[in-house]
Amino acid sequence: RVAVVGAGVSGLAATKCCLDEGLEPTCFEQSQDIGGLWRYTEHIEAGRPSLYPSVISNTSKEMSAFSDFPFPEHFPVFLPNALLLDYLRRYAEHFSLRQHIKFGTTVVSIRQRPDFATTGQWNVVTEAAGKQTSDVFDAVMVCSGNFSEPSLPLQCFPGIERFGGQYFHSRQYKHPDVFQGKRVLVVGMGNSGVDIAVEASRVAAKVTISTGRGAWLISRVFEHGYPWDMILNTRFMSLVKTNLPGPLSWRLINYKVNQWFNHENYGLQPEKSWLVREPVLNDDLPSYILTGRITIRPGVKEFKDNSVLFHNCPEEEPIDMVVFCTGYNVSFPFLEESVVRVENKHASLYKYVFPTHLQKPTLAVLGLIKPLGAIMPVAEMQARWVSRVFKGLCQLPSQSVMEKEVNEKKKNQVQWFGLTFDEVLKTEWLVYLDTLASFIGAKPSVLGLLCTDPWLALTIFFGPCSPYQYRLGGPGRWEGARQAILTQWDRVLKPTRTRAPAGSSSSFPSLLIVLGFLLLLAAVILGF
């Protein structure tokens, strides 16, 4: 019996993967519906993520799909939150997941049983309709997300206590009409910060973004009009990035992101551009800077009564309203601190999943990672691995080996708002997926396929690393995986080629194959 906490993206994947392995999942969802982050509500619910209605996915549908359930071909390439929720509902219905979910049920506490050292079992206390219930589970998957508890480090902003205007965390934002005619300051330059600034600038008198670090900005519409992640997240690109010397690799990336526009000229150049940082996805910001709607400033030095002073800027800037886009805290209120240790917003977990010190590996945390790519395939791969560990089909390394790896990754850290953030949360998407896939025997063999199915091998190597690749073989093999890979560009072009002659198809995969054949041979020679 496996307890799954939360019925968002990770919780649905966890429930489905448990069923695939013959386990018995019970998913506890405190709200009355599935979807987690992607289910929009007009009011803000305690303990739940809060979404603004204009949110659109930053990753394309082909790269975001669960590995055995492609998006409908008529869905747009990047999805409004309502359509992404629709997809999750289709997924839950297709795999009959709802019957395993207890809605309106809050997990109050999860504690090790007295005989945990031998059984690995947990006491799970839940509450529904004011009544508490205690059950015993053999394992637990924590899928509660990390967008519910806002981080608002006001102590890092001198003078905020005397600021006479309004300020709030981005979690409270819903509609841009609150900015009508106001002079707005957005603190922080993540995806939410830029989205909110762009929306505010359409009605506000003035909008300023304050960023101490800067950011790489990329558009959803990438080279030749194709989705950014289908161009950048390929096995060939990953091979180049991971095998080139560090400075050369990052020079290549800097070159590519600056092809759209020169970040330095727009005040966006990251302070330390060689560090691994999650790029910001936005299609509008450069033009809004050019037209004067949005101004980029350095970090905040001090707030005054009705103005703000920035670092390295002598003049005060008058403002009426501040939106703090300062991220979220990681917390598990139903767990004892000793079970999952959270330090400086980072939980020390092996492969971002397993606590390293438990006597039995029967508790896992899913989705607590910020990959440079879609989260849904990552959460699903974590769930596939975890369910096989729970079943005894996969073994974890020794505690000392796991702790050594976790501690080594902690060495790379950056400073933001006076708090230490672990760089490893932002990890190479494809490398991480391949690592977990190799644990369960689902990593595709490009060289093996080159001998048996060369067309597929070339598509896999030079084309986008869509999640279907991890269903070509191994446990959970899906018969439709090969066809899904070979038709992925058709599903990308279907909703956009609305005036194209019937039967026309993308030349992009064919060009990749023709131009890439010699490169693949070179990779083989180099021992790929």
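Residues numbered from 1 in each chain as written. Predicted model: local features only at pLDDT ≥ 70, side-chain atom pairs only at ≥ 80, totals over all residues. Heavy atoms only, no water.

- The name given to the protein in an unreviewed UniProt entry is Flavin-containing monooxygenase 1, with Aegithalos caudatus as the source organism.
- Database annotation for the protein, UniProt heading Sequence similarities (unreviewed entry): "Belongs to the FMO family."
- UniProt, in the comment section headed Cofactor (unreviewed entry), describes the protein in these words: "FAD". (UniProt positions renumbered as here; feature names shortened; annotations may be inferred.)

A look at the overall build of the protein
Okay, so step 1: If you tally the helices and strands in the protein, you get 17 helices and 26 strands.
Okay, so step 2: By residue count, 55% of the 528 residues in the protein fall in the buried class.
Okay, so step 3: Considering only intrachain contacts with a sequence separation of at least 6, the fraction spanning at least 24 residues in the protein is 68%.
Okay, so step 4: Total accessible area computed for the protein in this model is approximately 22900 Å², and 52% of it derives from carbon and sulfur atoms. (Helix = DSSP H or I, 4+ residues; strand = E, 2+ residues; numbered from the N terminus. Buried < 20%, exposed > 50% of the residue type's maximum accessible area, 1.4 Å probe, protein only. Contact = heavy atoms within 4.5 Å. Areas by Shrake-Rupley, 256 points an atom, 1.4 Å probe, with all protein chains shown as cover.)

Things to note about the pattern of salt bridges
Okay, so step 1: The final tally for this structure, using the stated rule, is 26 salt bridges.
Okay, so step 2: Of the charged contacts, one joins R89 and D33 as a salt bridge, the two residues approaching to 2.4 Å between their closest N and O atoms. One end of the pair, R89, is in helix 3 (residues 81-94); the other, D33, is in the loop between strand 2 (25-29) and helix 2 (61-64), and 56 residues separate them in sequence.
Okay, so step 3: For R89, a relative accessible area of 33% corresponds to the partly exposed category.
Okay, so step 4: D86 is the partner of R90 in a salt bridge, and the nearest nitrogen-oxygen pair spans 3.3 Å. One end of the pair, R90, and the other, D86, are both in helix 3, four residues apart, so they sit about a helical turn from each other.
Okay, so step 5: Classification of R90 by relative accessible area gives partly exposed; the value is 34%.
Okay, so step 6: Connected via shared salt-bridge partners are K16, D20, D68, E380 and R471. (Salt bridge = Lys/Arg side-chain N within 4 Å of Asp/Glu carboxyl O.)

Focus: the nonpolar core
Okay, so step 1: Counting 119 residues, the largest nonpolar core has M141, F179, F354 and W385 as the members making the most contacts within it.
Okay, so step 2: Examining the composition of this core, we find that eight residues originate from one element, helix 10 (residues 375-391), more than from any other.
Okay, so step 3: Residues V124, V142, A347 and V365 belong to the second largest nonpolar core, which totals 23 residues. (Core = buried A, V, L, I, M, F, W, Y, C linked by side-chain atoms within 4.5 Å.)

A short note on the packing of helix 1 (residues 9-20) against helix 3
Okay, so step 1: Interaxial distance between helix 1 and helix 3 falls to 11 Å at its minimum, and their mutual angle equals 15 degrees. On the basis of the axis angle, helix 1 is roughly parallel to helix 3. In terms of crossing hand, the pair formed by helix 1 and helix 3 is left-handed. Between helix 1 and helix 3, the residues in contact are V9, L12, A13 and K16 and L88, Y91 and A92, respectively.
Okay, so step 2: Residues belonging to the contact of helix 1 with helix 3 are distributed by class as follows: six nonpolar, no polar and one charged. (Axes fitted to C-alpha atoms, helices over the stretch in contact; angles between N-to-C directions. Parallel < 35°, antiparallel > 145°, perpendicular 65-115°, else oblique. Left-handed = near helix turned anticlockwise from the far one by under 90°. Nonpolar A, V, L, I, M, F, W, Y, C, P; charged D, E, K, R; others polar.)

Some points on the packing of aromatic side chains
Okay, so step 1: One pass over the structure, following the stated rule, counts 31 aromatic pairs.
Okay, so step 2: Look at F71 and Y87: their rings are 3.6 Å apart centre to centre, the planes differ by 15 degrees, and that puts the pair in the stacked class. In this pair, F71 is assigned in the loop between helix 2 and helix 3 and Y87 in helix 3, connecting sequence segments 16 residues apart. Considered together, F71 and Y87 belong to a single accessibility category, that of buried residues.
Okay, so step 3: Members of the aromatic cluster, each reached through a chain of ring pairs, are F66, F69, F71, F75, Y87, Y91 and F95. (Phe/Tyr/Trp six-rings, centres within 6.5 Å; stacked < 30°, edge-to-face > 60°.)

Examining the side chain of S10
Okay, so step 1: Here S10 lies in helix 1.
Okay, so step 2: Judged by relative accessible area, which is 12%, S10 ranks as buried.
Okay, so step 3: Setting aside anything within four residues of it in sequence, one finds S10 in contact with C143, L366, G367 and A379.

Thoughts on helix 5 (residues 191-200)
Okay, so step 1: In terms of burial, helix 5 is largely enclosed, as nine of its 10 residues are buried.
Okay, so step 2: Those residues of helix 5 not exposed but buried are N191, G193, V194, D195, I196, A197, V198, E199 and A200.
Okay, so step 3: Packing partners of the buried residues in helix 5 comprise strand 10 (183-187), strand 11 (206-210), strand 13 (280-281), helix 9 (285-290), strand 14 (294-297) and strand 18 (321-324).

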